[in-house]
Amino acid sequence: MYDLSGKVALVTGAGSGIGKASAMKLAQAGAMVVVMSRTAEEVEQTAHEIEAQGGKAQAKTADTSDDEAMRALIAGIILDHKRLDIVVANAGINGVWAPIESLKPDEWDQTIKVNLRGTYLTIHHAVPHLVAAGGGSIIVMSSINGTRTFTTPGASAYSVTKAGQVALVQQLALELGDRRIRINAICPGAIESEISDNTEQRGKEETEVPVEFPEGDIPLTGGKSGEAEDVADAVLFLASDASRHITGTPLWIDGGQSLLR
Ligand code: NAD
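Residues numbered from 1 in each chain as written. Predicted model: local features only at pLDDT ≥ 70, side-chain atom pairs only at ≥ 80, totals over all residues. Heavy atoms only, no water.

Draft legend 1. Geometry of the nonpolar core. In terms of nonpolar packing, the biggest core is built from 33 residues, with Leu-26, Val-33 and Ile-186 touching the most fellow members. Those elements that place two or more of their residues in this core are strand 1 (8-12), helix 1 (17-28), strand 2 (32-37), helix 2 (40-52), strand 4 (86-89), strand 6 (136-141) and helix 7 (228-239). Sort the elements by how many residues they give to this core and helix 7 lands first, with 8 residues. If sequence neighbours within four positions are ignored, Val-33 has contacts with Ala-9, Val-11, Ala-23, Leu-26, Ala-27, Lys-56, Ala-57 and Gln-58. Val-8, Met-32, Val-34 and Ile-77 belong to the second largest nonpolar core, which has 29 residues in total. (Core = buried A, V, L, I, M, F, W, Y, C linked by side-chain atoms within 4.5 Å. Buried < 20%, exposed > 50% of the residue type's maximum accessible area, 1.4 Å probe, protein only. Helix = DSSP H or I, 4+ residues; strand = E, 2+ residues; numbered from the N terminus. Contact = heavy atoms within 4.5 Å.)

In structure tokens form, the structure reads like this:
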């Protein structure tokens, strides 16, 4: 059911967290996985771990918001591997979480640039090659924020990008359907990763809406965050033919967290 042999996959932001776990799963199912992020050491490590498990991987560095870099990345994949079948548009940042009055225009722009422009560029450059391969699967890493949850203090720019990603997925599901390209969104809740190390949060007290939960805010786990592998299993499903009739669909993977928050 999850045989991806002969397929070529691109995972952006594959240096840590959800992207890394997804790349490992796709490789375990037999895909050749191009693991990309803006930091060489982390993607080289991911590729090394995939190869150590007997999988096939290639590490590439690019900034997902850079048009020329993304064009060159995808042209390089076609040169080296002749095809592209699966695209996981995962690279993203939390950016700055701050009250709207103090959130600076540059901070707003940076979050939009990496998360939304980056997703657009990944898909924009990949689609002609998915068409050439006779179809494919695109998976966009959104969030519960901006889709079901609006209580994360100061996360206005972030939430806008994550809502925008789901809108893009639904719009493109129709546009790309007749070319047999499926596109879906995954909306994770709190997942253990490196993302909070790269988050700047200001004025939390000013923007926080007080809500009290009886037993932690993730019903399935009593408050414990999910693991990157919980999301990666769904990436594998959406990449494979097991999800052949699913497109334009957001899938929340959050242990029920977004139903509370
Ligand atoms: P992470 O910080 O562990 O990993 C992010 C990866 O993306 C890293 O490899 C990083 O180098 C890369 N990256 C960041 N900016 C980039 C850029 N401009 N160009 C190329 N690569 C870039 O984060 P994560 O938690 O695994 O997040 C992955 C995705 O999942 C993000 O889109 C995030 O919004 C989403 N998400 C995460 C959570 C969570 O709780 N961890 C929840 C909901 C959604």
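Draft legend 2. Representation of the pattern of salt bridges in the model. Within the structure shown, the criterion is met by 10 salt bridges. Asp-85 serves as the salt-bridge partner of Arg-83, at 2.7 Å between the closest nitrogen and oxygen. Owing to a relative accessible area of 3%, Asp-85 belongs among the buried residues under this scheme. The salt bridge partner of Glu-200 is Arg-202, with a shortest N-O separation of 3.0 Å. Arg-202 gets classed as partly exposed once you look at its relative accessible area, which sits at 22%. Put simply, Lys-104, Glu-107, Glu-200 and Arg-202 are held in one network by salt bridges that share partners. (Salt bridge = Lys/Arg side-chain N within 4 Å of Asp/Glu carboxyl O.)

Draft legend 3. The site of the ligand, seen in detail. Taken together, 29 residues are adjacent to the ligand, and Ser-16, Glu-42, Asn-90, Tyr-158 and Ser-193 come closest. In the model, an oxygen atom of the ligand is placed 2.7 Å from a nitrogen or oxygen of the Tyr-158 side chain. Within the side chain of Ser-193, an N or O atom sits 2.5 Å from an oxygen atom of the ligand. The protein chains hide 95% of the 820 Å² of surface that the ligand would expose on its own. Residue assignment for the shell around the ligand shows that the elements contributing at least two residues are helix 1 and helix 5 (156-177). (Near = heavy atom within 4 Å. Polar contact = N/O pair within 3.5 Å; in protein donor to acceptor, adjacent residues only side chain to side chain. Areas by Shrake-Rupley, 256 points an atom, 1.4 Å probe, with all protein chains shown as cover.)

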